[in-house]
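So you can see what is in the structure, the chains are spelled out below.
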Amino acid sequence: RPALQEANPDRRWWAARSLSQLRCEEAHQLLIGLLNDPDDDVRACAAFALGEARVESAVRPLGQRLADNSVYVSAMAADALARLRPELGPEFDT
């Protein structure tokens, strides 16, 4: 957990990447928290990981990232939501 508090965004990114390999609720909650990280790459990594793991509890936080200042983060959030909610239509199919 200390890596999530690092000043260096690269270390926080690697922490998010490591969390993405864990398939447990605690890791998922930490990734949801990283959706609010000040660094775009960390937020994008968290969004991608949550979509890959198909974390249902992340739907609302990912939806909030659709309006992110970073187009990259918004795209990752949209992709994650498409993985979680394929019924939204074929344009969101992954």
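A brief structural summary. (Residues numbered from 1 in each chain as written. Predicted model: local features only at pLDDT ≥ 70, side-chain atom pairs only at ≥ 80, totals over all residues. Heavy atoms only, no water.)

Let us look at the nonpolar core. Core analysis: the largest hydrophobic core is formed by 25 residues, its most contacted members being Leu19, Leu31, Leu34, Leu35, Leu50, Ala58 and Leu62. Residue assignment for this core shows that the elements contributing at least two residues are helix H1 (9-20), helix H2 (25-34), helix H3 (40-53) and helix H5 (71-84). Not counting chain neighbours up to four residues away, the residues in contact with Leu34 comprise Leu4, Ala16, Leu19, Val42, Arg43 and Ala46. (Core = buried A, V, L, I, M, F, W, Y, C linked by side-chain atoms within 4.5 Å. Buried < 20%, exposed > 50% of the residue type's maximum accessible area, 1.4 Å probe, protein only. Helix = DSSP H or I, 4+ residues; strand = E, 2+ residues; numbered from the N terminus. Contact = heavy atoms within 4.5 Å.)

Relative to the helices and strands, Ser74 resides in helix H5. On the accessibility criterion, Ser74 (13% relative accessible area) is buried. Excluding anything up to four places from it in sequence, Ser74 contacts Arg65, Leu66, Ala67 and Asp68.

Now for the packing of aromatic side chains. Centre-to-centre distance and the angle between the planes together describe a pair of aromatic rings. Here the structure, examined in full by the defined rule, presents 1 aromatic pair. Geometrically, the ring pair formed by Trp13 and Trp14 is edge-to-face, given 4.8 Å between the ring centres and 90 degrees between the ring planes. (Phe/Tyr/Trp six-rings, centres within 6.5 Å; stacked < 30°, edge-to-face > 60°.)

Turning to the environment of Arg85, a few remarks are in order. Residue placement: Arg85 occurs in the segment after H5. Exposure remark for Arg85: the relative accessible area of 28% places this residue in the partly exposed category. Between the alpha carbons of Arg85 and Arg54 there is a distance of 9.2 Å; along the sequence they are 31 residues apart. Only 3.0 Å separates the side chain of Arg85 from the side chain of Glu56, close enough to count as a polar contact. (Polar contact = N/O pair within 3.5 Å; in protein donor to acceptor, adjacent residues only side chain to side chain.)

What follows deals with the packing of H1 against H2. Where H1 meets H2, the axes come as close as 9 Å, and the angle between the chain directions of the two elements is 145 degrees. In the packing of H1 onto H2, the handedness of the crossing is left-handed. Where H1 approaches H2, its residues Ala16, Leu19 and Ser20 are matched on the opposing element by Ala27, Leu30, Leu31 and Leu34. The residue makeup of the contact of H1 with H2, split by class, is 6 nonpolar, 1 polar and no charged. (Axes fitted to C-alpha atoms, helices over the stretch in contact; angles between N-to-C directions. Left-handed = near helix turned anticlockwise from the far one by under 90°. Nonpolar A, V, L, I, M, F, W, Y, C, P; charged D, E, K, R; others polar.)

Residues of H2 that are buried include every one of Ala27, His28, Leu31, Ile32 and Leu34, and no others. End-on, the buried residues of H2 take up no more than an arc of 155 degrees, which puts them together on one face. Those residues of H2 hidden inside the fold are in contact with H1, H3 and helix H4 (59-65). (Arc of directions from axis to C-beta.)

Between the first and last C-alpha of H5 there are 20 Å, a value that for 14 residues agrees with the 20 Å anticipated at 1.5 Å per step. For H5, every residue scored as buried is listed here: Val73, Ser74, Met76, Ala77, Ala80, Leu81, Ala82 and Leu84. Each element contacted by the buried residues of H5 is listed here: H3 and H4. (Expected span 1.5 Å × (residues − 1).)

Geometric descriptors of this kind do not, in isolation, establish any biological role.
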